There are 4 protein chains.
Amino acid sequence: MTDLSVYEKQHFGKPLGFGRQPALLIIDFQVGFAKPDVLGGFNINESIARTTELLRSARATGVPVCHVRFASEAHGEDIGTFAMKVPALKDLAPDSTDAQFVDSVAPIEGEYVSIKRHSSAFFGTNLASWLISRGVDTLFITGCTTSGCVRASTVDASAYSLRPMVVTDCVGDRAQGPHEASLFDMGQKYADLVTMRDAVAHFESRQSTRRAA
Amino acid sequence: MTDLSVYEKQHFGKPLGFGRQPALLIIDFQVGFAKPDVLGGFNINESIARTTELLRSARATGVPVCHVRFASEAHGEDIGTFAMKVPALKDLAPDSTDAQFVDSVAPIEGEYVSIKRHSSAFFGTNLASWLISRGVDTLFITGCTTSGCVRASTVDASAYSLRPMVVTDCVGDRAQGPHEASLFDMGQKYADLVTMRDAVAHFESRQSTRRAA
Amino acid sequence: MTDLSVYEKQHFGKPLGFGRQPALLIIDFQVGFAKPDVLGGFNINESIARTTELLRSARATGVPVCHVRFASEAHGEDIGTFAMKVPALKDLAPDSTDAQFVDSVAPIEGEYVSIKRHSSAFFGTNLASWLISRGVDTLFITGCTTSGCVRASTVDASAYSLRPMVVTDCVGDRAQGPHEASLFDMGQKYADLVTMRDAVAHFESRQSTRRAA
Amino acid sequence: MTDLSVYEKQHFGKPLGFGRQPALLIIDFQVGFAKPDVLGGFNINESIARTTELLRSARATGVPVCHVRFASEAHGEDIGTFAMKVPALKDLAPDSTDAQFVDSVAPIEGEYVSIKRHSSAFFGTNLASWLISRGVDTLFITGCTTSGCVRASTVDASAYSLRPMVVTDCVGDRAQGPHEASLFDMGQKYADLVTMRDAVAHFESRQSTRRAA
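Conventions we followed
Residue positions are counted from 1 within each chain, in the order its sequence is given. Here every chain gets a letter starting at A, and every ligand a number starting at 1, in the order they are written. In keeping with the model being predicted, local features are shown solely for residues with a pLDDT of at least 70 and side-chain atom pairs are shown and tallied solely at 80 or more, while totals for entire chains, interfaces and linings include all residues. We call a residue exposed when 12 or fewer other C-beta atoms sit within 10 Å of its C-beta, buried when the count reaches 20 or more, and partly exposed for counts in between; the C-beta positions come from the backbone. Helix and strand assignments come from DSSP, with helices taken as H or I runs of at least 4 residues and strands as E runs of at least 2, each series counted from the N terminus. Criterion used throughout: strands pair if DSSP finds at least two bridges between them. We call a crossover right-handed when, viewed with the strands running away from us, the connection from the first strand over the helix to the second turns clockwise. By the convention adopted here, residues are in contact when the distance between their C-beta atoms, placed from the backbone, does not exceed 7 Å. As a working rule, the residues Ala, Val, Leu, Ile, Met, Phe, Trp, Tyr, Cys and Pro are called nonpolar, Asp, Glu, Lys and Arg charged, and the rest polar, with Gly in that last group. Residues below a pLDDT of 70 in either copy are left out; the C-alpha atoms of the rest, at least 70 in both, set the least-squares superposition of the copies. Every axis corresponds to a line fitted to the C-alpha atoms, with the helix fit spanning only the stretch in contact, and the corresponding angles, defined between N-to-C directions, vary from 0 to 180 degrees. Multiply 1.5 Å by the residue count of a helix minus one, and that product is the helix's expected span. By convention in this section, buried Ala, Val, Leu, Ile, Met, Phe, Trp, Tyr and Cys residues joined through C-beta atoms within 7 Å make up a nonpolar core. Values of pLDDT, ranging from 0 to 100, describe the predictor's confidence in every residue of the model. Oblique is the label for any angle not under 35 degrees, not over 145, and not in the 65 to 115 range, which are roughly parallel, roughly antiparallel and roughly perpendicular in turn.

Looking at the pairing of strand 4 (residues 138-144) of chain C
Residues and elements named next belong to chain C.
1) Next: Among the 7 residues in strand 4, 7 count as buried, and that is most of the element.
2) Next: Judged from the 6 bridges that link them, strand 1 (residues 22-27) and strand 4 form a sheet pairing that is parallel. Pairing of I26 across the sheet is with T142, part of strand 4.
3) Next: In this sheet, strand 5 (residues 163-172) lies alongside strand 4 in parallel orientation, the contact comprising 6 bridges. The partner of T138 across the bridge, within strand 5, is R163.
4) Next: You can see the chain leave strand 4, run along helix 5 (residues 146-159) and come back into strand 5, and the turn it takes is right-handed.

Focus on the interface of chain A and chain C
1) Next: Opposite the 17 residues of chain A that make contact, chain C presents 17 residues.
2) Next: Broken down by element, the side of chain A that touches chain C gets its largest block of residues, 3 residues, from helix 4 (residues 127-133) of chain A.
3) Next: The class makeup of the residues in the side of chain A that touches chain C is 4 nonpolar, 8 polar and 5 charged.

So, the relation of the copies chain A and chain C
1) Next: Once chain A has been moved 0.0 Å along the axis and rotated by 180°, it coincides with chain C to within an RMSD of 0.0 Å. The two molecules are tied by a two-fold rotation axis, judged by turn and shift. Taking C-alpha positions as the reference, the residue of chain A nearest the rotation axis is G124 of chain A, at 2.2 Å.
2) Next: An overlap of 100% is found between the interface residues of chain A and their copies at the interface of chain C, pointing to a shared contact surface.

Overview of the sheet that holds strand 5 (residues 163-172) of chain D
Residue and element names in this part refer to chain D.
1) Next: The 6 strands lie next to each other as 3-2-1-4-5-6, forming an open sheet whose pairing is parallel. Either end of the sheet is taken by a strand with one partner, and the two such strands are strand 3 (112-116) and strand 6 (192-194). Across this sheet, the average inter-strand angle for adjacent strands is 25°, counted without regard to direction.
2) Next: Relative to strand 2 (residues 65-70), strand 1 (residues 22-27) is paired through 4 bridges, and the arrangement is parallel. The residue of strand 2 that forms the bridge with I26 is H67.
3) Next: Packing against the sheet, helix 2 (residues 44-60) makes contact with strand 1, strand 2, strand 4 (138-144) and strand 5, and its axis sits at approximately 130° to strand 5.

Some points on the relation of the copies chain A and chain B
1) Next: Expressed as a screw transformation, the operator carrying chain A onto chain B has a rotation angle of 180° and an axial translation of 0.0 Å, and the superposed copies differ by an RMSD of 0.0 Å.
2) Next: Comparing interface residues between copies, 100% of those in chain A also lie at the interface in chain B; the contact surface is shared.

Description of the environment of L54 of chain D
Residue and element names in this part refer to chain D.
1) Next: Take L54: it is sitting in helix 2.
2) Next: C-alpha of L54 to C-alpha of M196: the two residues are 142 residues apart in sequence and 6.4 Å apart in space.
3) Next: Look past the residues within four positions of L54 in its chain and what remains in contact with it is L24, T142, V167, C170, M196, A199 and V200.

Describing the interface of chain A and chain B
1) Next: Taken residue by residue, the interface counts 43 residues in chain A and 43 residues in chain B.
2) Next: Only helix 3 (81-85), helix 5 (146-159) and helix 6 (176-189) of chain A provide two or more residues apiece to the side of chain A that touches chain B.
3) Next: For the side of chain A that touches chain B, a count of residues per class yields 22 nonpolar, 14 polar and 7 charged.

Some details on helix 2 (residues 44-60) of chain A
1) Next: A rise of 1.5 Å per residue sets the reference length of helix 2 of chain A, with its 17 residues, at 24 Å; its end C-alpha atoms lie 24 Å apart and thus fit the reference within 8%.
2) Next: In this structure, the buried side of helix 2 of chain A is in contact with strand 1 (22-27), strand 2 (65-70), strand 4 (138-144), strand 5 (163-172) and helix 7 (196-212) of chain A.

Quick look at the nonpolar core
1) Next: Core analysis: the biggest nonpolar cluster contains 231 residues, and V167 of chain C together with V167 of chain D have the highest contact counts within it.
2) Next: The residues contacting V167 of chain C, other than those within four sequence positions of it, are L54, F140, I141, T142, V194, T195, M196 and A199 of chain C.

Examining the confidence of the model for chain A
1) Next: Of all residues in chain A, 99% have pLDDT values of 70 or greater, and the mean over the chain is 95.
2) Next: Among the prediction metrics, the complex's ipTM stands at 0.96, with pTM recorded as 0.97.

So, the packing of helix 2 (residues 44-60) of chain B against helix 7 (residues 196-212) of chain B
Residues and elements named next belong to chain B.
1) Next: Contact geometry of helix 2 with helix 7 gives a least axis separation of 9 Å together with a crossing angle of 5°. Put simply, helix 2 runs roughly parallel to helix 7. Between helix 2 and helix 7, the contacting residues are R50, E53, L54, S57 and A58 on the first element and M196, A199, V200 and F203 on the second.
2) Next: In the contact of helix 2 with helix 7, the residues fall into 6 nonpolar, 1 polar and 2 charged.

Points about the sheet that holds strand 6 (residues 192-194) of chain A
Sheets are built from strands that pair by backbone hydrogen bonding, the pairs being arranged parallel or antiparallel.
All names here are of chain A.
1) Next: Strand order in the open sheet made by the 6 strands is 3-2-1-4-5-6, with parallel pairing throughout. This sheet does not close on itself; its edge strands, each paired only once, are strand 3 (112-116) and strand 6. Recorded for the sheet is a direction-independent mean angle of 25° between the axes of neighbouring strands.

Considering the environment of L127 of chain A
Residue and element names in this part refer to chain A.
1) Next: Mapped onto the elements, L127 comes out in helix 4.
2) Next: Residue classification places L127 among the buried residues on the basis of 26 C-beta atoms within 10 Å.
3) Next: Measuring from C-alpha to C-alpha, the distance between L127 and V167 comes to 19 Å, with 40 residues separating the pair along the chain.
4) Next: Once you skip the residues sitting within four places of it in the chain, L127 turns out to touch C66, S114, A121 and F122.

Here's the deal with unusual backbone geometry
1) Next: In this model, C144 of chain B is joined to T145 of chain B through a cis peptide bond whose omega is -5°.
2) Next: Looking at the element boundaries, T145 of chain B is found in the loop between strand 4 (138-144) and helix 5 (146-159).
3) Next: Its identity as a non-glycine residue notwithstanding, F42 of chain A has a phi of 30°, on the positive side.
4) Next: Take F42 of chain A: it is sitting in the loop between strand 1 and helix 2.

Here it is in structure tokens:
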């Protein structure tokens, strides 16, 4: 889009670079978002497959991992206007099948786990506190959907002065247009766009450095 | 975009409707955002003109008004990674010309005014408290940019269980693509999309009802 | 204490009065806080008995009810420095007996329920959103401990511009000194101090008014 | 008070110890709080004198410093129920003499400065973001009043998983009873209690270590 040259002229999109202490955040990879006829679609399943690989690398290299999933209680009574706008969210009761983590990226003991009731992984959770307690300054962000909860979490990660790293092939959406438009916006204003390979290489290089020390 | 039919199939984008008590929020209509060579562009100046009219109606009909503007101190030292990503934000010191409200939509006595240091009008401000203190349940959102601070504020307004009403001809962006993509996303997930005329009609009808009572 | 006359001279402690829409908040009445040898003591069990009566009145008169309880996962790994200061909190795993709600004040379908990981019922929860969605402006606060989670929640309720009503015989603490000192502070700065009888009378009078209308 | 032995039996009050990166927070040392006939009293002026010394040490040793002050606009219209409870707060307009920082502890260029509208230095400010951007894990807390804004800020600092260090001779209150009761509570549940000398010694020892490295 030629109208986007204005971002370059106004010096948007400068790189953040990696900081000292990364963490990996996985957002809403739940059964219902893996089904194209429920809340899924487009490239969500591919992004889950790639995140499975990234999660393995994070665990192998000692990078802290945070998992959040969306759920609502009492047929959406606790999520306010969000349930009016997107009625399908009312069906995601905490114990329902569609609200469970997809097996291949499910949490293990010692990882941060939280239910959230809105888009951002930070809103109504203590994720910020958990990241502070581990000295995290760089947050690798994966999950779905790119234009929904991933983006809302990325905006909040920036507001908390973390370095958000959106892992482009580990985030998915139910349609291509919103996916690509949000990647553009996040890369210009809030986050660096990195690939799963970039993230794995960074996790491994940190470990090598620490072993050599 | 044909790939967007998935939103309809999954029942996104249901209407919220107006609630009992509206307020008008005006975001970042500042001198620097009105200049295409600083932080402005595309349709921002048109959206300021229309918001001037909407603001007049809000005042005439007794709808509470909130103004937020972005500023950073000490060359961006207080805004963390946001200043690294968008260095132009460092120049918006609170007293700088570019950080001032555009005259035609500047606050008057008794309206809520706050400086913010990140995208959302709610982050690091007490806007939520102010809205609670006035019993507001419906927030008409205007300002710039559609894909930046307007969207971040809309997502937070939804998370706080308000009814966000994005006034489509009173929000502006520096480029058309991100403007339209964010309007689509907000209308599907978080907010009703209304025009300035819709908002004025609602403000006036409330006043008539109260006068008749 | 004669040194307290300074509060009167400086005009602290003015009454808030009741607003339009009340809700009842019950904080941390959990099995472990009802046991004097775990986290309980002093007047906590009496305050539970009285809150049972207040809860019955709230339900009978249609006042919305919110329940929060404290829990931590992975032996306190998710609650940061709070677990270092008070190691007993590490034992309150979400499924542990001591972390369960006391039966007589346990939630029923349709009431707000949330786990919290810190003192305030607002921190890391979406309680504020839930209260906004119901138009609540007046929050009757019960639970334990007066000098801990009750006080932290009262301070936040004030910050959110709600009218906090601390129900003095429905809040309990593990020792008398801190209980009374916190009641004094809350009554001077943040909240009205009311009794269970005051609260019941208010709930019933609202219902009468609505029936008459 | 003999009833306090319950805290020891339940293992409250364990030490946090210092972390890697300290910061100094100074809360509400404003002209009006230094006047016993406005909002001051008891030991506030002594605590300002001692904080002046601690601030000098922080600056000499490169410890980041944050200043917050309370102000309200439009005769308290923006602070909700807090203004109803404590009407004197309505007079603290941002530009009023009583709302200014006391000279001896006023900020200099490069230090964090924010106005707050409620008790906690974290509520409605971006203080948490600023601390994250500097990797702070240990917060030395000074200011007034001990039972008001100091305590509210300490509770939030703990909730954000920082290590709160309340500097006992650098916090002041308008009356002795509430001052001492809040020091007890904070030391048992949220913070380590340290003296100004402890803090200075820690700041200097960090600098020596870095110089030797």
